[in-house]
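So you can see what is in the structure, the chains are spelled out below.
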Amino acid sequence: MRMAIRLAGKAKGRTSPNPLVGAVVVKEGEIVGRGFHQKAGEPHAEVNALNDASEKARGADLFVNLEPCNHYGRTPPCTRMIIDSGIKKVLVGMVDPNEVVAGKGMQALRDGGIEVKTGILGDECQRLNEVYVKYITEKRPFVILKSAASLDGKIATRNGDTQWITNEKSRGFTHRLRNEVDGILVGIGTIEADDPSLTTRLSGRKGKDPVRVVVDSKLRVPLRAKVLKHESKAGTIIATTEAADMRRVEELEKLGATVLIIPSKDDKVDLEALMYTLGKLEITSLLVEGGGEINASSLSCGIVDKVLFFYAPKIIGGIGAVSLVGGKGIAKLCDAVNLKDIKVRRFGDDILVEGYVCK
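Parameters at a glance
Residues numbered from 1 in each chain as written. Predicted model: local features only at pLDDT ≥ 70, side-chain atom pairs only at ≥ 80, totals over all residues. Heavy atoms only, no water. Patch = residues over 30% accessible without salt bridge, like charges linked within 9 Å, V, L, I, M, F, W, Y side chains within 5 Å. Areas by Shrake-Rupley, 256 points an atom, 1.4 Å probe, with all protein chains shown as cover. Salt bridge = Lys/Arg side-chain N within 4 Å of Asp/Glu carboxyl O. Helix = DSSP H or I, 4+ residues; strand = E, 2+ residues; numbered from the N terminus. Buried < 20%, exposed > 50% of the residue type's maximum accessible area, 1.4 Å probe, protein only. Pairing = 2+ DSSP bridges. Axes fitted to C-alpha atoms, helices over the stretch in contact; angles between N-to-C directions. Phe/Tyr/Trp six-rings, centres within 6.5 Å; stacked < 30°, edge-to-face > 60°. Lys NZ or Arg CZ within 6 Å of the ring centre and 35° of its normal.

Student: What am I meant to see in a nonpolar patch on the surface here?
Tutor: A contiguous nonpolar patch, built from Val337, Leu339, Ile342, Val344 and Ile351 and spanning about 390 Å² of accessible area, is present on the exposed surface. For Ile351, the location among the structural elements is in strand β18 (residues 350–357). Classification of Ile351 by relative accessible area gives partly exposed; the value is 31%.

Student: Before we go on, may I ask you to explain the sheet that holds strand β4 (residues 89–94) in this structure?
Tutor: Sheets are built from strands paired through backbone hydrogen bonds, the pairs being either parallel or antiparallel. Taken in spatial order, the 5 strands of this open sheet run β2-β1-β3-β4-β5, and their pairing is mixed. What marks the edges here is a single partner per strand, and that holds for β2 (30–36) and β5 (115–118). Neighbour-to-neighbour, the strand axes of the sheet open up by a mean angle of 20 degrees, direction not taken into account. Across 5 bridges, the pairing between strand β3 (residues 61–66) and β4 is parallel. From the neighbouring strand, Leu62 faces β4, where its bridge partner is Val90.

Student: For this particular structure, what's the right way to read the packing of aromatic side chains?
Tutor: Pairs of aromatic rings are described using the distance from one ring centre to the other and the angle between the two planes. Using the criterion set out here, one finds 3 aromatic pairs in the structure. Aromatic side chains Phe310 and Phe347 sit 5.5 Å apart centroid to centroid with 65 degrees between the ring planes, which places their arrangement in the edge-to-face category. Of this pair, Phe310 sits in strand β15 (residues 306–312) while Phe347 is found in strand β17 (residues 339–347), placing the two residues 37 residues apart along the sequence. Judged by its relative accessible area of 1%, Phe310 falls in the buried class. The buried category is assigned to Phe347, whose relative accessible area is 10%. Taken together, the ring pairs in this structure connect Phe173, Phe310 and Phe347 into an aromatic cluster. Lying over the aromatic face of Trp164, Arg171 brings its terminal NZ or CZ to 4.5 Å of the ring centre.

Student: Help me understand the pairing of β18 in this model?
Tutor: Residues in a regular strand point their side chains to alternate faces of the sheet. Across the 8 residues of β18, 6 count as buried, placing the element largely inside the fold. Relative to β18, β15 runs antiparallel, the two being bridged by 6 bridges. Note on β18: the bridge partner recorded for Val307 is Gly355. Both β17 and β18 contribute to a ladder of 7 bridges, which runs antiparallel. The residue of β18 that forms the bridge with Arg346 is Ile351.

Student: Please clarify how the pattern of salt bridges should be interpreted in this entry.
Tutor: It is possible for side chains of opposite charge to pair when their charged atoms get near one another. Overall, the coordinates contain 16 salt bridges when judged by the stated rule. Linking Glu272 and Arg140 is a salt bridge whose minimum nitrogen-to-oxygen distance equals 3.8 Å. Of this pair, Glu272 sits in helix α10 (residues 271–280) while Arg140 sits in the loop between α6 (130–138) and β6 (142–150), placing them 132 residues apart in sequence. Overall, the relative accessible area of 33% leaves Glu272 in the partly exposed class. For Lys359, the salt bridge identified is with Asp305, shortest N-O distance 3.6 Å. In this pair, Lys359 is assigned in the segment after β18 and Asp305 in the loop between α11 (292–300) and β15, connecting sequence segments 54 residues apart. Look at Lys359 and you get exposed, because its relative accessible area is 68%. Residue Asp305 is classed as buried on the basis of its relative accessible area of 9%. Each of Arg127, Glu130, Lys306, Asp341, Arg345 and Glu354 takes part in one network of salt bridges that share partners.

Everything listed here is a matter of geometry and, on its own, says nothing about what the molecule does.
Take a look at the structure:
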């Protein structure tokens, strides 16, 4: 099962809106077939593994981290091929949370005379597909809040200087993360201050650029901004409100941007409403990589699932320096956002603190 999980992980960022799935065929203690789902619309992991095993699949066991499907979607159901292949036992990591599949795939296999066991490394399988589970059950993206700061929690100096707080290793990790998500979100303040391209830059190989999402309630985004240029195949979405100038909307759309009119909350884009709209566009994962204000808004409205905070061994100081999380802040500690399942990693001299938001 761990091999199936590793195989599945090879396709991170490529299978959306489908899950990450790997499969391994074992016969008499020997691995005779393996495969993983590489891209939505292409064969599923079970199909690739069974094709790899060929006739050796008859009488063998199949390990798969997610319940095989029993319905027609972008591809035919996997259960039929598993039954026809002569597999005698299927070991499943976790039940598919998709109501179209949930339990039905395993039942179809049992009805076909195959022994089925589930819950093998279930927690690891759940964590592998945390994006898919969130998207398929709540119809909105899994949101990762990533930011980088000095030891005293500053993301820019009092003059707005931000480059570079963290080191090259930390920045490399960020680009690998961009390569794995469907979208990257920033506020208009980041566009005005830094004019970022928000693309994926990986040494030695090409990465996949995420869809750029800019939250801009008044449509202040400059028409010359890098996110509006077409150096990348990834699209750009501008999320604004009904207060936006419709003439400006037309100008942005002529430049190729998609402008979404989102309900407002406190005269700003309602981020929770935006998440559901992005979900309808099949954006299953979103990296928030903006400044202190968008960080504060994202946390306060409850859209964040996972936090990645990098800390560099620098002390910036200054009341006027920009803090990691802005906004009004809380009045009582009992209202603080708490994290669980904390991990700490080193990237050279930088420290990454990673955790999940307690809902």
